[in-house]
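# Examination of the molecular architecture
Now for the letters of each chain:
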Amino acid sequence: MRPNLNRSLAVVGWLGLLALSPSLLTAAPPKAASSSPRRILTRVFFQDDDARALKWADVLAGEPPQLGTVSSISGFPTLDVKRQSLVQMKAAAGMLLVGVRDDDDGAFQSGWILIDSGVAQEEHGDHSHWTYPRVPAVRAMQLDNQQGNPAHLYCYDEVFYLANDKLDGFTRLDPAAILPADNEAAVRRRAALHRGGGGHITLAAADGKVAYSTWIDREGPNKGRVDVTLLQPSGNSQFAYSFHLPHGGIHGAISCQGKVFFAPADGLCWVTANADPKLDPKSVAVQHLSLGKDGEKPRRTGSFHSLGRFVGFSSGAGPTAAACFLDAGRSTVEIVTVPLGMAEGSRPVGPVMVKPRKGPGLAFVFHDHPDDVEGPHKLSLLEINSGADGSLGNVKVVAVTDVGRSRPEGHSGHHDLAIDGDRRRAVFTNPGDGTLTLFSLVERKSQADFKVGGMPSKIVCFGGAGKAD
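Below: a short report on this structure. (Residues numbered from 1 in each chain as written. Predicted model: local features only at pLDDT ≥ 70, side-chain atom pairs only at ≥ 80, totals over all residues. Heavy atoms only, no water.)

Take the pattern of salt bridges next. What the rule picks out here adds up to 19 salt bridges. A salt bridge links D433 to R405, with the nearest nitrogen and oxygen atoms 2.8 Å apart. In this pair, D433 sits in the loop between β34 (425-430) and β35 (435-440) while R405 sits in the loop between β32 (392-402) and β33 (417-419), placing the two residues 28 residues apart along the sequence. Under the relative-accessibility criterion, D433 is labelled partly exposed at 25%. (Salt bridge = Lys/Arg side-chain N within 4 Å of Asp/Glu carboxyl O. Helix = DSSP H or I, 4+ residues; strand = E, 2+ residues; numbered from the N terminus. Buried < 20%, exposed > 50% of the residue type's maximum accessible area, 1.4 Å probe, protein only.)

Encoded structure:
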């Protein structure tokens with residue numbers, strides 16, 4: 001039988017090619033390009049303090065995870081970078097509310113912007129299914145010279161509370177009450193103004209019935225003043241009564257477990273929440289807890305965070321910096337103080353607290369300092385243990401890690417951290433580097449850094465891991 005000459009020549013040629021290119025022996029066959037979309041792990045919204053803009057992107061599954069296209073939000077206004085700034089923002093019922101402040105006590109243009117996140121949640125007992133059917137878009141906004149120049153924004157029981165500093169009051173907006181058929185004017189009508197507080201207002205709402213609004217004054221008749229207002233869907237032009245803390249300069253408030261906590265210039269104070277409009281102010285029992293002193297100056301805090309029945313805050317700076325925790329569910333409130341041992345010139349930002357899907361609670365505290373201060377850029381991770389009855393147990397620092405730079409400029413340029421809907425991941429901002437960092441709550445370590453540019457500061461996450469379409 002005659003050999004197949006063509007086949008023989010082909011074999012010789014192939015062997016010769018292998019001799020010239022040994023790597024072909026181990027080369028994997030080419031993969032077909034996939035057109036399937038990547039699974040979304042969570043959707044992030046972050047403020048760019050340089051551009052005075054709010055941006056969004058999806059965190060996509062992969063090894064390592066990646067960040068999708070960073071985009072602006074449909075309908076979001078262009079702010080004056082020299083005269084306006086974004087302040088705090090909060091999430092509830094699939095929506096995001098962000099405050100806008102101006103440089104002229106509200107006489108230029110201030111107010112609020114409500115955004116539909118485009119994320120949907122379907123609850124299934126102990127977990128949720130997340131879908132991402134829409135891109136984010138502005139649902140409604142109120143920007144004019146009649147909004148009192150807000151600075152602080154809160155969310156209690158899935159309802160937004162925006163402080164209107166120059167109007168001596170606050171706006172309550174319940175996103176769950178907004179109907180699909182509501183146009184922008186109808187949404188604005190649902191934003192109900194309540195009287196209470198003054199100067200630079202912080203506030204706490206308890207049980208959806210009553211709000212406690214503060215005055216910033218350090219001296220004079222409004223020193224330590226707190227106004228108590230009954231909450232109504234249509235607003236309330238009068239507060240019920242006022243009482244005074246023993247110290248002024250109040251710059252923080254929170255409600256937890258039927259108690260309301262305040263951050264005056266000395267330590268902290270708390271009262272029992274009471275929605276009785278006829279309560280005699282003299283009967284309000286104000287409890288004061290000292291945080292000690294730095295030299296002759298009393299130590300204080302500026303803001304609170306909560307996790308279930310626990311309240312967390314920070315105090316001090318540099319070597320005296322500490323994270324502090326209390327159990328609001330106990331009749332006797334005691335403060336647990338955890339030293340952080342920061343470098344000179346650094347100040348604590350946080351703690352942001354979270355209960356991961358598994359394991360004990362965690363608290364994140366950043367070591368922030370200005371560019372002109374020499375010092376390391378660090379994150380302290382604390383473990384919050386609870387007793388068998390759910391009470392606050394041992395709290396300890398379990399890790400101190402390097403992070404990107406902060407770039408503090410007043411209230412802007414600080415690190416911030418948000419948790420995904422599955423409580424498996426966190427995303428935090430590095431304002432001085434223009435990056436976001438994805439952090440695994442399971443492995444307790446960073447998974448990926450994403451370059452976004454600008455000065456990313458405040459951040460919010462919506463949703464957890466969804467399915468690819």
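The topology assignment puts R424 in the loop between β33 and β34. Judged by relative accessible area, R424 falls into the partly exposed class, the value being 36%. Taking the C-alpha atoms as reference points, R424 and R357, separated by 67 residues in sequence, lie 6.1 Å from one another.

All right, on to unusual backbone geometry then. Each neighbour pair has its own omega, and for E63 with P64 the value is 0°, a cis peptide bond. Following the sequence through the fold, P64 ends up in the loop between β2 (53-60) and β3 (66-67). A cis amide bond links G350 to the next residue, P351, at an omega of 5°. The residue D105 is not glycine, and still its phi comes out positive at about 55°. The topology assignment puts D105 in the loop between β6 (95-102) and β7 (110-116). One non-glycine residue with positive phi stands out, namely R423, at about 60°.

Strand order in this open sheet of 4 strands is β33-β34-β35-β36, and the pairing throughout is antiparallel. Sheet topology places β33 and β36 (445-451) at the edges, where each strand pairs with a single neighbour. The average angle at which neighbouring strand axes cross in this sheet is 20°, direction not considered. Of the pairings in the sheet, the one linking β33 to β34 comprises 3 bridges and is antiparallel in character. By the bridge assignment for β34, L417 is matched with F428. (Pairing = 2+ DSSP bridges. Axes fitted to C-alpha atoms, helices over the stretch in contact; angles between N-to-C directions.)

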